[in-house]
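Structural description and commentary
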Amino acid sequence: MSVLKLSNEIGHRRTTIMELVHNTNMNKKKISAELVMKLCLYFEVSPNDLFEVRRKE
């Protein structure tokens, strides 16, 4: 699936989705609860399926 298609289908900015896909600027990026909800509903998953928590090394 392309970032553009996902962006259009969930109604969210393409640049934000592109940053998530490529893990860009994530140290400075805040992900809105609205975007998390849109992604969960679209992919029929829970937030636990989208994120992984790791300790900083």
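Everything that follows concerns the structure shown earlier in this document.
The structure presented is a predicted model; accordingly, all values stated were derived computationally and were not measured.

To continue, consider unusual backbone geometry. Trans is the common state for peptide bonds, and a negative phi is the common state for residues other than glycine. The phi torsion at Asn 23 lies on the positive side, around 55°, for a residue other than glycine. Secondary-structure assignment places Asn 23 in the loop between helix 2 (14–22) and helix 3 (33–43). One non-glycine residue, Glu 44, lies in positive phi territory at about 55°. Locating Glu 44 in the fold gives a position in the loop between helix 3 and helix 4 (47–50). The exposure class of Glu 44 is exposed, given its relative accessible area of 75%.

Moving on to the side chain of Lys 38. Summarising the element assignment, Lys 38 is placed in helix 3. Note on Lys 38: relative accessible area 18%, which makes it buried.

Taken as a whole and judged by the stated rule, the model has one aromatic pair. Aromatic pair Tyr 42 and Phe 43: ring centres 5.0 Å apart, planes at 90°, arrangement edge-to-face. In this structure Phe 43 comes out as partly exposed when scored by relative accessible area, which is 39%.

What counts and what doesn't
- Residues numbered from 1 in each chain as written.
- Predicted model: local features only at pLDDT ≥ 70, side-chain atom pairs only at ≥ 80, totals over all residues.
- Heavy atoms only, no water.
- Helix = DSSP H or I, 4+ residues; strand = E, 2+ residues; numbered from the N terminus.
- Buried < 20%, exposed > 50% of the residue type's maximum accessible area, 1.4 Å probe, protein only.
- Phe/Tyr/Trp six-rings, centres within 6.5 Å; stacked < 30°, edge-to-face > 60°.

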